[in-house]
Each structure stands twice: as structure tokens, then as C-alpha cells.
Amino acid sequence: MTDLIRCPWGTNDPMMIDYHDHEWGKPVRDSRALWEKLMLDGFQAGLSWRIVLKKRDALRLAFCQFEPEKVARFTEDDIERLVNNAEIIRSRIKITAVINNARAYLAMQQAGEDFGEWIWAQIGGKAIQHVGPVPSKDALSERISKDLKKRGFKFVGPTIVYAWLEATGLINTHHPECFRRAQVAK
């Protein structure tokens, strides 16, 4: 496996190599899984993705496996419990954003909008095969961010949205020589 050419960020840490090789950039269409990944990208803001990966299992446990129906019912007592949970990222603003975003996700469902169908429709249903330098945000992520905010989502700025689009395979930004680029393009 060490002879494989990877994206430069996924080459020197076993946890990051595993994430790169098996998850990152793989197209995700399941609505709940897409929502979870967006919430995790929100937790990453100001931190490294490695920190989020190290705490991902604890975050999943703390947020009821990121089941929006359960998270939406969290109360102020739950927020206090989470802020005091040393196993997770304890940012009150990020924690409250996840709870708020569960409610926004459910509001979309109640309005007849499937989160997965909605996001894939933003790119015509087919992953974008990005070529060239990878930006931290672009016009697409700015538009999606604005739409999410209009729907009541929090902590979904254009940079977070762009990282989410990459992580969930809506935009394939694997390096041109990376062995995963062609795999996820299929």
C-alpha cells in the first residue's frame, strides 16, 4: 500500500491514510450520512481533520449516531452534558449548531425535501471532477452555504461546505495522480 500514489495530505499518518483510502471523496447519497458528515465538517472548523477523526466515535455516541430525530430533541441539559464531555469537541457554538441543524434537516423532510436528493440536485446529480488547484471555497459552495443558511442551518459557511462536498464525493478533488481519483470518479 505504501507504493500507491495518494493525495499529499493522506500520506504520512495511518489514520489519515485509512480515511483517504476508504472514505474521503467516496460519493455519499444517503441523507442521514450526508448530514452527519456536514456536522463533522462543522466540528472541524479551526481544527485539523485528524482531531475530528480521533473524536468521531465519541461524537457519534454523544449525538445518538447523528440521528436527526433524536438530536433535534436535545435540551439545555443535553448541551451542558456535551460541553462537559471531555471525549468530544466541546465547543458550545458547534454543539448548539448541530442541534439546530437537526431541526433544520427535519424541517426540510417535513416540507417533502430529501436532504440527499437536494444536495445532489445542486450539481445535476453527477459528481464534479475538479481539475487544477483546489480552492478552500468556490461559487458553488457559497451558493449552497447561502441556501443552507436560508433554511436555518448554522455553522455551514462556504469553506465548511466545500470541504463537505469534497469529503462526500460531490466534488472529486483527489490529486490527478492519486490512485483513488479514478475509483471515485466511477
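The protein carries the name DNA-3-methyladenine glycosylase I in an unreviewed UniProt entry, which gives Rahnella woolbedingensis as its organism.

(A) Representation of the overall build of the protein. Across its full length, the protein carries 10 helices and two strands. Starting at the N terminus and walking to the C terminus, you meet the elements of the protein as α-α-α-α-α-α-α-β-α-α-β-α. For the protein, whose C-alpha radius of gyration is 16 Å, the value lies close to the compact-globule estimate of 16 Å for 186 residues. Principal axes of the C-alpha set define a box for the protein whose edges measure 50 × 35 × 25 Å. Within the protein, the fraction of its 186 residues that count as buried is 48%. Within the protein, residue pairs in contact and separated by at least 24 positions form 68% of the contacts whose partners lie at least 6 positions apart. Accessible surface, the protein as shown: approximately 9400 Å² in total, 54% of it carbon and sulfur. Averaging the coordinates of the 28 positive side-chain charges in the protein and doing the same for the 24 negative ones gives two points 2 Å apart.

(B) Molecular detail of the pattern of salt bridges. For the structure on display, the rule yields 13 salt bridges. Two residues, glutamate 36 and arginine 32, come together in a salt bridge whose shortest N-O distance is 2.8 Å. With glutamate 36 and arginine 32 both in helix H2 (residues 31-44) and four residues apart, this pair spans about one turn of that helix. Accessibility expressed as a relative area gives 5% for glutamate 36, which makes it buried. Arginine 32 sits in the partly exposed class, given a relative accessible area of 22%. The salt bridge involving glutamate 80 is made with arginine 92; its shortest N-O contact spans 2.7 Å. Of this pair, glutamate 80 sits in helix H5 (residues 76-83) while arginine 92 sits in helix H6 (residues 92-110), and the two are 12 residues apart along the sequence. Ionic contacts of the salt-bridge type, sharing partners, join the residues Arg32, Glu36, Asp57, Arg60 and Glu67 into one network.

(C) Expanded view of the environment of glutamate 166. Relative to the helices and strands, glutamate 166 is located in helix H9 (residues 158-167). Remark: the alpha-carbon pair of glutamate 166 and proline 27, spanning 139 residues in sequence, is separated by 9.0 Å. Discounting chain neighbours no more than four positions away, the residues touching glutamate 166 are Trp24, Gly25, Val134, Ile171 and Thr173.

(D) Fine view of the UniProt feature "binding site: Zn(2+)" (unreviewed entry) in the protein. Under the feature "binding site: Zn(2+)" (unreviewed entry), the UniProt entry names Cys7, His20, His174 and Cys178. Spanning 172 residues, the annotated positions come together in the fold, the maximum distance between their C-alpha atoms being 10.3 Å. One can find cysteine 7 in the segment before helix H1 (14-22). For cysteine 7, a relative accessible area of 2% corresponds to the buried category. Topologically, histidine 20 is positioned in helix H1. Its relative accessible area of 0% is what places histidine 20 among the buried residues. At 3.5 Å, the side chain of histidine 20 and the backbone nitrogen of cysteine 7 are in polar contact.

(E) Just H1, in detail. Listed as buried for H1 are Met16, Tyr19, His20 and Asp21. The elements touched by buried residues of H1 are helix H3 (49-62), H9 and helix H10 (179-185). Where H1 starts, the residue carrying a side-chain oxygen 2.8 Å from the main-chain nitrogen of methionine 15 turns out to be aspartate 13.

(F) Main features of the packing of aromatic side chains. Evaluated as defined, the whole model comprises 12 aromatic pairs. Measuring from centroid to centroid gives 5.5 Å for tyrosine 19 and tryptophan 49, while their planes differ by 40°, and the two rings are tilted. Taken together, the residues span a long stretch of sequence, with tyrosine 19 in helix H1 and tryptophan 49 in helix H3 at a distance of 30 residues. The same class applies to tyrosine 19 and to tryptophan 49, which are both buried. Here the aromatic cluster, defined as three or more aromatic residues joined through ring pairs, consists of Trp35, Phe43, Phe63, Phe66, Phe74, Tyr105, Phe115, Trp118, Phe153 and Trp164. Lying across the ring of tryptophan 120, arginine 29 places its NZ or CZ 3.8 Å from the centre. Between the NZ or CZ atom of arginine 81 and the centre of the ring of phenylalanine 74, over which it lies, the distance is 5.6 Å.

Parameters at a glance
- Numbers given for residues are sequential positions, taken from 1 along each chain in its written order.
- Selection of residues for local features in this predicted model requires a pLDDT of at least 70, selection of side-chain atom pairs for listing and counting requires 80 or more, and totals for whole chains, interfaces and linings are taken over all residues.
- The side-chain numbers reported here are obtained from all heavy atoms of the structure, hydrogens and water having been left aside.
- Note on conventions: DSSP H or I runs of at least 4 residues are helices, E runs of at least 2 residues are strands, and numbering of each starts at the N terminus.
- The size measure is the radius of gyration over C-alpha atoms, and the globule rule it meets is 2.2 Å times the number of residues to the 0.38 power.
- Using a 1.4 Å probe on the protein chains alone, a residue whose accessible area is under 20% of its type maximum counts as buried, one over 50% counts as exposed, and one in between counts as partly exposed.
- Contact between two residues is taken to exist if any of their heavy atoms lie within 4.5 Å; hydrogens are not considered.
- With residues, only the protein chains shown are counted as cover, and all accessible areas are computed by Shrake-Rupley using a 1.4 Å probe.
- Counted charges follow a simple rule, with Lys and Arg positive, Asp and Glu negative, and His plus the chain ends left uncounted.
- For this purpose, a charge sits on NZ of Lys, CZ of Arg, CG of Asp or CD of Glu.
- Should a side-chain nitrogen of Lys or Arg be within 4 Å of a carboxyl oxygen of Asp or Glu, the pair is scored as a salt bridge.
- UniProt positions are given in the numbering used here, feature names are shortened, and annotations may be inferred rather than shown by experiment.
- Whenever two N or O atoms come within 3.5 Å, that pair is a polar contact, provided that in protein one can donate a hydrogen and the other can accept it, and provided that, for residues adjacent in sequence, both atoms are side-chain atoms.
- Each Phe, Tyr or Trp ring, with Trp reduced to its six-membered ring, pairs with another whose centre is within 6.5 Å; inter-plane angles below 30 degrees give stacked pairs, above 60 give edge-to-face pairs, and intermediate values give tilted ones.
- Any Lys NZ or Arg CZ that is within 6 Å of a ring centre and within 35 degrees of that ring's normal is treated as a charge sitting over the ring.

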